[in-house]
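The primary structure of each chain is shown beneath.
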Amino acid sequence: MSKPTDLVQGTLDILILRTITHEPMHGWGIAQRIQIVSNNVLQVRQGALYPALHRLEQQGWIRAQWGDSENNRRAKFYSLTKAGQKYFEKEQANWERLSSAIGLVLDAAES
Amino acid sequence: MRWLTKISLRLRSLFHRAHVDGELHSELRFHLEQQIAVNIAAGMPPAEAQREAMRNFGGVESLKEECRDMRKVNWIQDLGQDLRFGMRMLRKSPSFTIVAIFTLALGIGANTAIFSMVDWLALRPLPVQKPAQLAFLGFSLPSNSGNGERFDANFSNVELQDIRNQTGKIFSDVAGYCFGGVAGDTTSADGLTVNGITKPVQNVYVTGNFFTMMGIRPLLGRLILPSEGRVAGANPVVVISYRYWMSRFNGDTAIVGKNASLNGHPVTIVGIAAKGFVGITPILETQIYLPLGMAAVNQAHVRDFMGDPKVRRLLILGRERPGVSLEEAQAVLTVVGRRLLKQYPREEHESALHAYALRPPGIMNGENPIPKAAFVFLTLAGFVLILACINVANLLLVRATVRQREMAVRSALGAGRGRLVRQLLTESLLLALFGCVAGIIAGIAGSRALTAIPIQTELPLLLDFQPDWRVFAYAFTAALLTGIFVGIAPAIRASRGNLNAILHEGDRASTGKRQRVRGALVAMQVAGSLMLLIVAGLFVRSLQGVTHADLGFVPQHVLNLTVDPHEIGYSAKQGMSFYRGLLERVRVLPGIQSASLAAIVPLGDTIIGDGLRIPGRQLKKGEAQPNADMNEVSPDYFNTMRIRILRGRDFTSADSETAPHVAVINEAMAKKFWADENPVGRQFIRASDPRNQITIIGLVKNSRMVDLYSPFDECFFVPIAQSYSSSATLQVRTIGAPESVARPIAQLIDSIAPAMPVVGIRTMTKALSGLNGLFLFQIGAGLASVLGLLGLTLAVVGIFGVMSYTASQRTHEIGIRMALGAQPEQILFMICRQGFYIAAAGLALGICAAFGIGQLLGDFLIGVKPTDSLTYAGVSVLLTAAVLLSCYIPARRAMRVDPMVALRHE
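Residues numbered from 1 in each chain as written. Chains lettered and ligands numbered in written order. Predicted model: local features only at pLDDT ≥ 70, side-chain atom pairs only at ≥ 80, totals over all residues.

Participant: Could you give an account of the overall build of chain B, naming the residues involved and the relevant values?
Facilitator: If you tally the helices and strands in chain B, you get 27 helices and 24 strands. Computed over its C-alpha atoms, the radius of gyration of chain B comes to 37 Å, more than 25% above the 29 Å expected for a compact globule of 906 residues. Oriented by its inertia axes, the alpha-carbon framework of chain B measures out at about 130 × 80 × 55 Å. For chain B, the residues scored as buried account for 43% of the 906 residues in total. (Helix = DSSP H or I, 4+ residues; strand = E, 2+ residues; numbered from the N terminus. Rg over C-alpha atoms; globule rule 2.2 N^0.38 Å. Buried ≥ 20, exposed ≤ 12 C-beta atoms within 10 Å, placed from the backbone.)

Right under this line is the structure:
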C-alpha cells in the first residue's frame, strides 16, 4: 500500500473514539496519534477530522473542553462521554465481527 | 442524559453563535500553528513553513461551513440569514418585487375566490355536531340519465314513526322535517308578523328531537323540545335563527317570549338558535323553526297531515351509530323498506330504502352539477396561476442571468451549491408568500364582489363565501408550489454557472439555449391564455344565445309585484276579493296598459303542475299518468305578457268560481294530446280536482316557463278564480318605464290591505336573470371572462417582457448588422419573426388544450358547441394580434437603434 488510504466515514469515528479513550486530546493530537499508531498508513486530513469531531460532539458521544496544550497554547480537548464509551464498545464489537467475517470470506476464496 | 447534552449544545450553537464560531476559529488556528511548528522543526524557513501549512490545510471557510453543518441547527440560522437577505434583495429592486407580487396575487387571488365558492357550495361540513354521521333516507329510483342518484325522499309522519321504531339498531336517532314557505311544497310564501309588521320567511317544521340530534344549543331562550310537535296544532312556538334574528330584529333580546303570528296563526317566539347554525341546507337559509305539528295548521288543505300515511311531506334524517358498517345498515334498511312498501304502497314498489350521506349543498335529486362546475372553474383558475407563475419565472430567469456573477463570487467564497439554491429558493418563496397574502386579500374582495351580485329570487339564498381554514390552506399550498415552481429553475441555473467562465465573461452573457427556454415558456403562456379565452368566448356566446332567444312573451315594459294574502291569514274567499279589487283599481292608474295576475312568473323560483286525465283516452299498460305544467292566471294575462292567442279566446270575468271550468293550453300540450286537431272545445280533468271537467277555450303560442333552453313543456292555464292561488304576482304592462308605477301600486296595496307584505318588485326583464333564468349563464360567462382577461393580460405582459429583454440583449448584434448595411425593416422583421414563431407554437398548443377542456364544458353550454369554430377563429385572431403588437413595440425600438450607440453598448 503505497498511498495512505482515505478513511471511510464511520471507520474514522471509531478510530477517533479509540484514540481518546484514555486521555482527552485535541484535534491535532488525534490526527498525529492515528498516523503514528498506524505506521503512517492512516492519514487523517483536517477536512475530514474536524467535521467528524463536531458531529460526534453534537451526538453526545464526546465532549469538548478548552485546556492548555503541551506547549502552553489554548486548545480544544476532546474526551469520551459515558454514552460514547458504550457506543464505542458496540461499534468495536461490530467492527471485529465484520472484519473477521471478511477475513473468513477471503481465506475461503484462496483455498 | 445524552439528549440533554444534545439540546444544550444546539441551544448554545443557536444563541451563542458568535462565541461558538470564535471557538471553531481558534481550534482550526491551533491546528494550523501546530503544522507550522512541525514544518519549521523539519527545517523550513518560517515563511515557507507557513505557506506550506496553509496550502496543505485547504479552504478554511468551506471547512468551517462543514463543521457548522454538523451542528444541525445551522438551517435555522441559514433560514434567518436567507430571509433577511431575501428581504434585502426584494427591497433593493422594488419595481421587480411589486410586479412579481402583483402578478402572483392575481393568480392566487383568482384561485382563492373560486375556491371559496367551491368551499361553501360543496366542501364545508354542515354546521351541526358530527356531520359525517348524518344520513337522509330515500327510496332509490332508476336514474334515467347522467350519474346522479335519484330517489324518492318524501315520507309521511306515520312512516317516520315506523322507521324510527325499526332502525334503532343502526340509527341513534331519527328526525323528520318539512320545508315551509317558498322552498316547501306549496308555492305560497309564509309570513311572520311581529309587532304588526309581516315579512315573508323561510321556515322549517321539525320533529321535537331535531335540535338535540343536530347538537344545537339555544343562544337565548329555548329550542323546540323533544315532547313538542307530535300533535297537529299543539305547541305554537317559533325558534328563530341567529342570522334572521340579527337581520330582522337587530339582535333584540326582548324578542324572546313575544307573541307573533305565522300566516295569521298566533305563535310565541321561544328562543334563538346557536350562532353558526344556518339550517341543514346552508345554501338555502332556514330563518325560523316550528314544531312539526304546526305544519298541519299551515297546510289546512291537507286533510290529516300527521295521521295520513299518504301525506308524504317529510324528509327523514338519521344519525348513524358509531361502528355500524354500511352493510349492516343497508341490511336493516332493506327489510324496513320492504315492510313500508307493503304497508303503505307507493308507485315505485320495486325500489329499496337507502341511507344517503347528507353533504352540502343538501338533498339533491339527480345529478349534482357542482363538482363538475367546480372542477372546470378551478382548472381555469389554475391556468391563470400557471400563467402568472411563468411571468414571474421569466422575471427571475432574467435576474438569475444578472446575478450570475454574484453567485459565482459567493461560491468562490465557500458557499456550497445547495446553500445557494436554498438562498434563491427562499427569495422566490418570500415572493410567493407576499403574493399569497395579497392574493387572499384580492380573493376575498373578489368573492365579496360575487356575493354582492343581486340574485332575482325570493328564496333566502345564503352565499357565505367567507374564507375558512380550507381556503387559507388552499391559497397557502398554491403559494408554496408557486414559490418552488417559479424559483427552482432560476435557482439551479444561477448556482450552476462555471466560475471561471462567468468571472471572465462580460455582460453579454446570453446563450441561445436560455432564449429557447424563455421562448418555450412564452409559447406556453400564449397557449394557456388562448385556452382561457376560448372557454370565455364559448360561455359568452352561450349567454348571448339564451339572451336573444325567443321567449314567447315580451318581457319589456312589464312590472312584477308579488303578494300573498295567506301570509296575513286571509282565506281563499278574502284573498279572491282582495285580488279582484286590486286589479280593478290598478287598471285605472295612469300609465298602465293592462294588468293581470299569475301564480307563476316565467323563469321564477317555483313551478307547478298537475296530472291529467283525458276523457276517451285510455292509458296503455305500464304507461305513467301524463302531466303538464300549469299556471293560474287572471283575465288579460296573455295580453299583458304578449303571449299570442292562436285559436279561441282569453279568459273573461265571466269565467268565475261558479262558471264551468275552462283552460287555455299551449302548442306543446295541443300537439301531444290532440296532434293536429283543433283542441278548442276538447276536455280534460286535473288529477288534483277530479270532480270538475275542464273545457279548453283557447290555444296559445309556446312560451318559456321553467328554463331558457329545454324543449317546451306541455302547459295549461286556468283562471285563478277557479283554481285559487294565494300567492300571486301582479303583472302590469306600462306605457312608460315600468319602474315608475311601482310606488303607486305598492301604496294602493297598502291602502287596500295594510300589513300585506309586497315582495319581488322588479321588472320582468330583470326577473329573467333569476336562478332558473339567465343567472347561472351570467355567472358562468362573467367568471370565465374575468379569467380569460386575466390570462390575456398576463400573456401580453409576459411576451412584451421577454421580447423587450431579447431585443435589448441583442442591441450589440443589431448594431453590427446595421453597420454592415441591414435595413431597419430587416431588423424589425428579425425580431418579429421570433414572436411569430412563439405565437404559432402557442396557438397550436392552445387549440389542443381548448379541445381538451371543451369536453368538460358540454353540460354548461346552451346553443353553442364546445368546438364552435367561430369562437376558435375569433379568439385566435385576437390573440395573434395581441402577440404581434407586443412584439412590434420592442422590435420598433430595436429598429431605431443608432449603430454607433449600439456598438458601444456594453
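Participant: Give a description of the overall build of chain A that names residues and reports values.
Facilitator: In terms of helices and strands, chain A carries four helices and three strands. The linear arrangement of helices and strands in chain A, starting from the amino end, is α-β-α-α-β-β-α. Within chain A, residue pairs in contact and separated by at least 24 positions form 51% of the contacts whose partners lie at least 6 positions apart. (Contact = placed C-beta atoms within 7 Å.)

Participant: Mind laying out the interface of chain B and chain A, listing which residues take part and the relevant values?
Facilitator: One widely used convention gives an interface's size as the accessible area the parts lose upon coming together. Of the residues lining the interface, 19 residues belong to chain B; the matching set on chain A comes to 17 residues. Among the elements of the structure, α1 (2-15), α2 (17-41) and α4 (60-69) of chain B are those that each provide at least two residues to the side of chain B that touches chain A. The greatest single-element share of the side of chain B that touches chain A, amounting to seven residues, is contributed by α2(B). A breakdown of the residues in the side of chain B that touches chain A according to their chemical character gives seven nonpolar, five polar and seven charged. (Nonpolar A, V, L, I, M, F, W, Y, C, P; charged D, E, K, R; others polar.)

Participant: Would you mind going over unusual backbone geometry in detail, with residue names and values included?
Facilitator: One non-glycine residue, Asn40(A), adopts positive backbone phi at about 65°. As for its placement among the helices and strands, Asn40(A) is situated in the loop between α2 (27-37) and α3 (46-58). One non-glycine residue, Asn195(B), lies in positive phi territory at about 55°. Relative to the elements of secondary structure, Asn195(B) occurs in the loop between β4 (190-194) and β5 (197-201). For Asn195(B), a count of 9 C-beta atoms within 10 Å puts it in the exposed group.

Participant: Quick rundown of the environment of Phe210(B)? Include the residues and the values.
Facilitator: All names here are of chain B. Relative to the assigned elements, Phe210 resides in helix α8 (residues 210-214). Here Phe210 falls in the buried class, since 25 other C-beta atoms lie within 10 Å of it. Sequence separation of Phe210 and Ala175 is 35 residues, and the distance between their C-alpha atoms is 5.6 Å. Other than its neighbours up to four places away in sequence, Phe210 contacts Ala175, Tyr177 and Ile224.

Participant: So, the nonpolar core: which residues are in play, and what are the values?
Facilitator: All names here are of chain B. Judged by nonpolar contacts, the single largest core of 164 residues is most densely connected at Val384, Val526, Val535 and Leu787. With 18 residues, helix α12 (residues 370-402) is the single largest residue contributor to this core. Apart from the residues within four sequence positions on either side, Val384 is in contact with Gly107, Ala110, Leu532, Leu787, Leu790 and Gly791. (Core = buried A, V, L, I, M, F, W, Y, C linked by C-beta atoms within 7 Å.)

Participant: Any details on the pairing of strand β15 (residues 592-598) of chain B? Residues and values, ideally.
Facilitator: All names here are of chain B. Taking burial as the measure, the seven residues of β15 include five buried ones, the bulk of the element. As judged from the six bridges shared by β15 and strand β23 (residues 728-734), these two strands associate in the antiparallel manner. By the bridge assignment, Ser594 is partnered in β23 with Arg733. (Pairing = 2+ DSSP bridges.)

Participant: Account for the packing of α12(B) against helix α23 (residues 775-809) of chain B, with residues named and values stated.
Facilitator: Residue and element names in this part refer to chain B. Put simply, α12 and α23 touch, their axes get as near as 10 Å, and they point 15° apart. What the angle tells us is that α12 and α23 run roughly parallel. Both α12 and α23 take part in a crossing whose hand is left-handed. Of α23, the residues touching α12 (which contributes Phe377, Leu380, Ala381, Phe383, Val384, Leu387, Ala388, Ile390, Asn391, Asn394 and Val398) are Leu783, Ala784, Leu787, Leu790, Gly791, Leu794, Ala795, Val797, Gly798, Gly801, Val802 and Tyr805. Here the residues of the contact of α12 with α23 are counted per class, giving 18 nonpolar, five polar and no charged. (Axes fitted to C-alpha atoms, helices over the stretch in contact; angles between N-to-C directions. Parallel < 35°, antiparallel > 145°, perpendicular 65-115°, else oblique. Left-handed = near helix turned anticlockwise from the far one by under 90°.)

Participant: Before we move on, could you go through the packing of α23(B) against helix α26 (residues 869-895) of chain B and cite the residues and values that matter?
Facilitator: All names here are of chain B. Relative orientation of the contacting elements α23 and α26 amounts to 25°, with a least axis distance of 9 Å. Here α23 lies roughly parallel to α26, going by the angle between them. In the crossing of α23 with α26, the sense of the turn from one axis to the other is right-handed. Facing Leu792, Val796, Ile799, Phe800, Met803, Ser804 and Ala807 of α23, the residues of α26 in contact are Ala882, Val883, Ser886, Cys887, Ile889, Pro890, Ala891, Arg893 and Ala894.

Participant: Could you give me a rundown of the pairing of strand β3 (residues 74-80) of chain A, with the residues and numbers involved?
Facilitator: Regular strands place side chains that alternate from one sheet face to the opposite one. Residues and elements named next belong to chain A. In terms of strand pairing, strand β1 (residues 25-26) meets β3 through two bridges, oriented antiparallel. Each residue of the ladder has a partner; that of His26, found in β3, is Phe77. As judged from the seven bridges shared by strand β2 (residues 62-68) and β3, these two strands associate in the antiparallel manner. Pairing of Ala64 across the sheet is with Tyr78, part of β3.

Participant: Tell me what's going on with the sheet that holds β2(A), and back it up with residues and numbers.
Facilitator: Taken in spatial order, the three strands make up an open sheet running β1-β3-β2 (chain A), and their pairing is antiparallel. Either end of the sheet is taken by a strand with one partner, and the two such strands are β1 and β2 of chain A.

Participant: Got a sec to walk through the confidence of the model for chain B? Specific residues and values, please.
Facilitator: Looking at chain B, the pLDDT average stands at 86 and 95% of residues meet or exceed 70. Prediction confidence for the complex, expressed as pTM and ipTM, is 0.79 and 0.82 respectively. (pLDDT = per-residue confidence, 0-100.)

Participant: Describe the environment of Arg84(B), and please don't skip the residues or the numbers.
Facilitator: Within the secondary structure layout, Arg84(B) lies in helix α5 (residues 74-92). Taking C-alpha positions, Arg84(B) is 9.6 Å from Glu427(B), a pair spaced 343 residues apart along the chain.

Participant: Account for α26(B), naming residues and giving values.
Facilitator: The end-to-end C-alpha separation of α26(B) is 37 Å, in line with the 39 Å expected for 27 residues at 1.5 Å each. Regarding α26(B), the residues found buried are Thr871(B), Tyr872(B), Val875(B), Leu879(B), Ala882(B), Val883(B), Ser886(B), Cys887(B), Pro890(B), Ala891(B), Ala894(B) and Met895(B). (Expected span 1.5 Å × (residues − 1).)

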